[in-house]
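Structural characterization, general
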Amino acid sequence: MRKVLFIFALMLGLGFFTQPIVANGGLKANSEIEGLEVKVKTCHADANGNVIVSFTLKNVAFNEVIKYGVRGYASEVYDDEGNLYNGEGVLKVSDSKGIFENWCDAKLPKNVPMKYKLKIPGVDSSASNLSMVRIFLYNTGSCGYVCFENVPILREGD
């Protein structure tokens, strides 16, 4: 039994098992909108200097499909170097199809996580995490933000 535990601990220490992003650096994710759950999946810098945050939204309260507009242009991001990224045409969002636009529609059936991405252009190359991400969601019945804090940025070579 001790051998098995030793081997398992060795494999864990050498990185044979990957940990979800939630385990890194105190990442927090929450929603201001009741009945909507949010999770950060990945955050990485691409070759063009953009940072891409992949996340899911899940309707955990309503039996019917709920619809929101995910508004990149009304969202804001702060990095750990003190930079703010926001405004019309700056932050872009996409659904699972991967076409980044100023906004996209979110159709959320009950208890099904749906994938979305936020693209942040020109993030400071010395930034190692996103201190705060606030993504605005809108529909005629309610609106609010889904928020992430302390999101580590994976860069090539990390």
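Okay, so let's go over this structure. (Residues numbered from 1 in each chain as written. Predicted model: local features only at pLDDT ≥ 70, side-chain atom pairs only at ≥ 80, totals over all residues. Heavy atoms only, no water.)

1. Digging into the overall build of the chain
What the chain contains, in helices and strands, is 1 helix and 10 strands. Order of helices (α) and strands (β) in the chain, N terminus to C terminus: α-β-β-β-β-β-β-β-β-β-β. Every one of the 158 residues in the chain was classed for burial, and the buried ones make up 34%. When contacts within the chain are restricted to residue pairs at least 6 apart in sequence, those whose partners lie at least 24 apart make up 61%. (Helix = DSSP H or I, 4+ residues; strand = E, 2+ residues; numbered from the N terminus. Buried < 20%, exposed > 50% of the residue type's maximum accessible area, 1.4 Å probe, protein only. Contact = heavy atoms within 4.5 Å.)

2. With respect to the side chain of Ser-54
Structurally, Ser-54 is set in strand E3 (residues 51–59). Ignoring sequence-local partners within four residues, the contact set of Ser-54 consists of Lys-39, Val-40, Lys-41, Thr-42, Tyr-116 and Lys-117.

3. Things to note about unusual backbone geometry
Of note in the backbone geometry, Asn-111 takes a positive phi value of approximately 60° without being a glycine. In this fold, Asn-111 is placed in the loop between strand E7 (103–108) and strand E8 (114–120). Look at Asn-111 and you get partly exposed, because its relative accessible area is 47%. One non-glycine residue, Asn-150, lies in positive phi territory at about 60°. With a relative accessible area of 29%, Asn-150 lands in the partly exposed category.

4. Examining the pattern of salt bridges
Inspection of the entire model under this criterion finds 3 salt bridges. The salt bridge involving Arg-134 is made with Glu-32; its shortest N-O contact spans 3.6 Å. Of this pair, Arg-134 sits in strand E9 (residues 129–138) while Glu-32 is found in the loop between strand E1 (28–31) and strand E2 (36–45), placing the two residues 102 residues apart along the sequence. Its salt-bridge partner being Lys-58, residue Glu-37 comes within 3.7 Å of it at the nearest N-O pair. Of this pair, Glu-37 sits in strand E2 while Lys-58 sits in strand E3; the two residues are 21 residues apart in sequence, bridging distant segments of the chain. Assessed through its relative accessible area of 30%, Glu-37 is described here as partly exposed. Ionic contacts of the salt-bridge type, sharing partners, join the residues Glu-32, Glu-76 and Arg-134 into one network. (Salt bridge = Lys/Arg side-chain N within 4 Å of Asp/Glu carboxyl O.)

5. A word on the sheet that holds E3
In sheet architecture, strand pairing relies on hydrogen bonds along the backbone and comes in two forms, parallel and antiparallel. Spatial ordering of the open sheet is given by E2-E3-E8-E6, a layout of 4 strands whose pairing is antiparallel. For this open sheet the edge positions go to E2 and strand E6 (92–94), each flanked by a neighbour on one side alone. Adjacent strand axes in the sheet meet at a mean angle of 25° when their direction is disregarded. Bridge count for E6 against E8 is 3 bridges, and the pairing is antiparallel. If you follow Val-93 over to E8, its bridge partner there is Leu-118. (Pairing = 2+ DSSP bridges. Axes fitted to C-alpha atoms, helices over the stretch in contact; angles between N-to-C directions.)

Worth remembering: the numbers are spatial, not functional.
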